[in-house]
Amino acid sequence: MLHLNSIVKRNRNSLLNEFILSFPSSSSCNQFLKIPSFTTNLNTKKLNFCPQEPSLQLSSSTYTHHHYLSLLQTCVNKKLIEPGKQIHGHIILTGLGLHDVKIATKLVCLYSACNYLSDAQLIFDKLPKRNIFLWNVLIRGYAWFGPHELAISLYYQLLDHGIKPDNFTYPFVLKACSSLSALKDGEVIHEDVIQAGWESDVFIGAALVDMYAKCGCVDKARPVFDRIPARDVVTWNSMLAAYSQNGCPEEALSLCREMALTKDFQSTVTVATLVAVISASADIAALLQGKEIHGFSWRRGFETQDKVITTLVDMYAKSGSLKVAGRLFQQLKEKRVVSWNAIITGYAMHGHAKEALALFADMQKEGFPPDHITFVGVLSACSRGGFMDQGWKFFESMLEDYLIKPTVQHYTCMVDLLGHSGRLVEAYDLIMGMQVRADSGVWGSLLNSCKLHGNVELGEQALAKLIALQPDDAGNYVILSNIYAQAGKWDGVAKLRMLMKKKGLRKSIACSWIDVKNKTHGFLVGDVSHPQSDEIYAELKRLGRLMKEIGYVPDTTPVYHDVDDDEKMNMVYGHSERLAIAFGIISTPSGTRLLVTKNLRVCDDCHVVIKFISKISKREIIVRDVNRYHHFENGNCSCGDYW
């Protein structure tokens, strides 16, 4: 528990201290009276605390306790700190408020609301009796403005004084826990809430959901949500945000459907609701759901809300509709940094590196200072475009011109840029010199680059680091196994397989999805479970014949099993993205664009095959794999075969 006395700076000569101790009408009060906007003469008939506020003017004949309370309340409501200080000084000068708890309470409210918390604390500490209202006011101030630790410390002090928290106390202190991701304190307070019988309170419940969400504990947030009998839009939004912010987009969309069944849904949807649900749609590239929410938001009059439009920009970009994202971006009345970030990152994600960098140049010309997220998008664009010199230039500019310290995401982009360019030793040296701890993303990027260039030694070092960070991630073992297989080191492949078996690890099963006629269809590698499976494989054979006629030669290197070539060809032939594309072709009108999502990286042979299919079928085919988007059209891919 923190001690307030060690943190709050106290000025013993302050008039706030004098207010509580003795209210002297000494010359020390003159510091209040020197404020230019304050004009007073006790011999005159008029007191003007703030010329702009008629309500803060009164004649000398009305200097009563009631009027001081009224004046202070006006200052609290409008957060007028300077007039409030002047009124405080006048109270001291006249002596009317001597040791008055009501006036002291108003002053604590004023200084807390205006973020003068050390002053509020001085008054609070000297009051002989402090009711729950005063405790709540100060806890709320620290919860809003910080230090957030003090709000939690005050809560424990409140309990030590034998005062019972009420339904206002808990949301304030839980907000402080959320800001700090203080899970242990949050759980202790949750137990207090249960014992006090407040768990079903809608505001406390929403605060608990938010606290668990900010701490990454969605599994603990949902039971709290379920126990709230009468949920309002605050509550629903908290749970939606909990799912959306913690990598549970499917659950967020499911909750939205549940919310839509409530009788007040149409009238209670807010910007926060739409942002959370649209973000969830973006995370899983659920374009159909995203379009539905887009239409709903327009019908409900949210088309002018820049937050909603910016989130839609992000959703359409992540769902493969980059042109729509661009049009929405241009419709924004007031572009903000977050808006620029969404469109720059969108273009970078799709491999349109030149366009992303052009947008960054426009952002700078219009006077928007880039932040760390902007540079993630810019460096990602350089990485995907192979722009080595520009990448280093932007990385140095971020440090020198904008004083932005590189995060692990920035380093990951640079390692990827160096690694893809074959400069693996430089990439390794950069990791060794990082100012932040390298995470699995950094080492994974190096491992992927080692696979791309067949560097066994560095690949082994990268895997060793990854095992320490993610001992149960089978994908890392598989990548090094593939590097061994590329080099013909089958003994290394066998050892890794034995190690995976010993640890009980299995390779992730490849799966691809495609939306056709408002329904999502999923396919596994070699899948024959789909009702139209025969037609799908027949289409693949037809396409295979046409591809060979125009020069396609199967590449079986993605299959690293020590088996004959015919078996390898059969294993590649049934990859999940091919099945999804074939189904899309036979199920949609000629010329329809296809969007396929895959949970793993597209293999080299499938990449070649999809280029051929796009040319034969005269379709645009977009594949979103675990790393990026590939736009296939007329035999070419937007990545330029660099991924």
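**With respect to the overall build of the protein**
Right, so step 1: The helix and strand inventory of the protein stands at 33 helices and eight strands.
Right, so step 2: The burial tally for the protein puts 51% of its 643 residues in the buried class.
Right, so step 3: In the protein, once contacts between residues fewer than 6 apart in sequence are set aside, the share between residues at least 24 apart is 63%.
Right, so step 4: As displayed, the protein has an accessible area near 30200 Å², and 52% of this comes from carbon and sulfur atoms.

**Some words on the packing of aromatic side chains**
Right, so step 1: Counted by the stated rule, this structure contains 16 aromatic pairs.
Right, so step 2: A centroid spacing of 5.7 Å and a plane angle of 65° characterise the contact between Tyr 155 and Tyr 156, whose relative ring orientation is edge-to-face. Accessibility assignment for this pair places Tyr 155 and Tyr 156 in one class, buried.
Right, so step 3: The positively charged end of Arg 130 is found above the aromatic ring belonging to Phe 124, 4.7 Å away from the centroid.
Right, so step 4: The ring centre of Phe 225 lies 4.1 Å from the NZ or CZ of Arg 231, which sits over that ring.

**Details of empty space enclosed by the protein**
Right, so step 1: Summed over all chains, the structure comprises one cavity of 30 Å³ or more.
Right, so step 2: Of the voids in this model, the largest cavity is the one considered here, and its volume is about 30 Å³.
Right, so step 3: Taken together, Phe 523, Asp 527, Val 528, Ser 529, His 530, Ser 533, Ile 536, Tyr 537 and Leu 579 make up the lining of the largest cavity.
Right, so step 4: Among the elements that make up the lining of the largest cavity, the one with the highest residue count is helix H30 (residues 533–549) (three residues).
Right, so step 5: In the lining of the largest cavity, the residues fall into five nonpolar, three polar and one charged.

**Examining helix H33 (residues 604–617)**
Right, so step 1: Over its 14 residues, H33 extends 20 Å from the first C-alpha to the last, a length consistent with the 20 Å expected when each residue adds 1.5 Å.
Right, so step 2: Extensive coverage of H33 is indicated by the burial of ten of its 14 residues.

**Quick notes on the pattern of salt bridges**
Opposite charge on two side chains makes pairing possible when the charged atoms of those side chains draw close.
Right, so step 1: What the rule picks out here adds up to 14 salt bridges.
Right, so step 2: Among the ionic pairs, Glu 426 bridges to Arg 423, the shortest N-O distance being 2.9 Å.
Right, so step 3: Overall, the relative accessible area of 36% leaves Glu 426 in the partly exposed class.
Right, so step 4: One salt bridge in this structure joins Lys 598 and Glu 577, with 2.9 Å as the shortest N-O distance. Of this pair, Lys 598 sits in strand S5 (residues 594–598) while Glu 577 sits in helix H32 (residues 576–587), placing them 21 residues apart in sequence.
Right, so step 5: Lys 598 gets classed as buried once you look at its relative accessible area, which sits at 7%.
Right, so step 6: Connected through salt bridges with shared partners, the residues Arg 222, Asp 226, Arg 231 and Glu 258 form a single ionic network.

**Thoughts on the packing of helix H28 (residues 474–486) against helix H29 (residues 490–503)**
Right, so step 1: Relative orientation of the contacting elements H28 and H29 amounts to 165°, with a least axis distance of 8 Å. Between H28 and H29, the crossing angle belongs to the class labelled roughly antiparallel. Crossing of H28 over H29 shows left-handed handedness. In this structure, H28 uses Ala 474, Tyr 477, Val 478, Leu 480, Ser 481, Tyr 484 and Ala 485 to contact H29, whose residues at the interface are Trp 490, Gly 492, Val 493, Leu 496, Leu 499, Met 500 and Lys 503.
Right, so step 2: Broken down by class, the residue content of the contact of H28 with H29 amounts to eleven nonpolar, two polar and one charged.

**Digging into a positive patch on the surface**
Right, so step 1: A cluster of like positive charges, contributed by Lys 291, Lys 323, Arg 327 and Arg 593, occupies part of the molecular surface.
Right, so step 2: With respect to the helices and strands, Lys 291 occurs in helix H17 (residues 287–299).

**Describing the environment of Lys 548**
Right, so step 1: Residue placement: Lys 548 occurs in helix H30.
Right, so step 2: Each C-alpha atom, one on Lys 548 and one on Phe 612, is 9.5 Å from the other, the two residues being 64 residues apart in sequence.

**Let's talk about the pairing of strand S7 (residues 629–633)**
Right, so step 1: For S7, a buried count of four out of five residues is recorded, marking the element as mostly surrounded by other parts of the structure.
Right, so step 2: Here four bridges tie strand S6 (residues 621–624) to S7, and the two strands are oriented antiparallel to one another. By the bridge assignment for S7, Ile 622 is matched with His 631.
Right, so step 3: The hairpin formed by S6 and S7 contains four residues between the paired strands.
Right, so step 4: Sheet topology note: the S7/strand S8 (residues 636–637) ladder contains two bridges and is antiparallel. Residue pairing for S8: Phe 632 is matched across the bridge by Cys 637.
Right, so step 5: Where S7 folds back on S8, the antiparallel hairpin that results is connected by two residues, among which Asn 634 adopts a positive phi of roughly 55°.

**Details of the nonpolar core**
Right, so step 1: Ile 189, Met 239, Leu 274, Ile 343, Ile 344, Ile 431 and Leu 446 are the most contacted members of the largest nonpolar core, which totals 153 residues.
Right, so step 2: In terms of residue count, H28 provides more of this core than any other element does, eight residues in total.
Right, so step 3: Apart from residues lying up to four places away in sequence, Ile 431 is in contact with Val 415, Ala 438, Val 442, Trp 443 and Leu 446.
Right, so step 4: Formed by 30 residues, the second largest nonpolar core is a distinct cluster that contains Val 516, Ile 536, Ala 580 and Ile 585.

**Focus: the side chain of Asp 201**
Right, so step 1: By the secondary structure assignment, Asp 201 is in the loop between helix H10 (183–196) and helix H11 (202–214).
Right, so step 2: Engagement of the side chain of Asp 201 in a polar contact is seen with the backbone nitrogen of Ile 204, the distance being 3.0 Å.

**Concerning helix H22 (residues 372–385)**
Right, so step 1: For H22, spanning 14 residues, the distance from its first C-alpha to its last is 20 Å, which sits close to the expected 20 Å at 1.5 Å a residue.
Right, so step 2: Extensive coverage of H22 is indicated by the burial of eleven of its 14 residues.
Right, so step 3: Residues of H22 that are buried: Thr 374, Phe 375, Val 376, Gly 377, Val 378, Leu 379, Ser 380, Ala 381, Cys 382, Ser 383 and Arg 384.
Right, so step 4: A distance of 3.1 Å separates the backbone nitrogen of Ile 373 from a side-chain oxygen at the start of H22, and that oxygen is part of Asp 371.
Right, so step 5: Just past H22, the residue Gly 386 takes up positive phi, approximately 75°.

Conventions and cut-offs
Residues numbered from 1 in each chain as written. Predicted model: local features only at pLDDT ≥ 70, side-chain atom pairs only at ≥ 80, totals over all residues. Heavy atoms only, no water. Helix = DSSP H or I, 4+ residues; strand = E, 2+ residues; numbered from the N terminus. Buried < 20%, exposed > 50% of the residue type's maximum accessible area, 1.4 Å probe, protein only. Contact = heavy atoms within 4.5 Å. Areas by Shrake-Rupley, 256 points an atom, 1.4 Å probe, with all protein chains shown as cover. Phe/Tyr/Trp six-rings, centres within 6.5 Å; stacked < 30°, edge-to-face > 60°. Lys NZ or Arg CZ within 6 Å of the ring centre and 35° of its normal. 1 Å grid on protein atoms, 1.4 Å probe; cavity = no way out; pocket = protein on both sides within 12 Å on 5 of 7 lines; lining within 4 Å. Points joined across faces, edges and corners; volume = space filled by probe spheres on them. Nonpolar A, V, L, I, M, F, W, Y, C, P; charged D, E, K, R; others polar. Expected span 1.5 Å × (residues − 1). Salt bridge = Lys/Arg side-chain N within 4 Å of Asp/Glu carboxyl O. Axes fitted to C-alpha atoms, helices over the stretch in contact; angles between N-to-C directions. Parallel < 35°, antiparallel > 145°, perpendicular 65-115°, else oblique. Left-handed = near helix turned anticlockwise from the far one by under 90°. Patch = residues over 30% accessible without salt bridge, like charges linked within 9 Å, V, L, I, M, F, W, Y side chains within 5 Å. Lys, Arg positive; Asp, Glu negative; His and termini not counted. Charge placed at Lys NZ, Arg CZ, Asp CG, Glu CD. Pairing = 2+ DSSP bridges. Core = buried A, V, L, I, M, F, W, Y, C linked by side-chain atoms within 4.5 Å. Polar contact = N/O pair within 3.5 Å; in protein donor to acceptor, adjacent residues only side chain to side chain.

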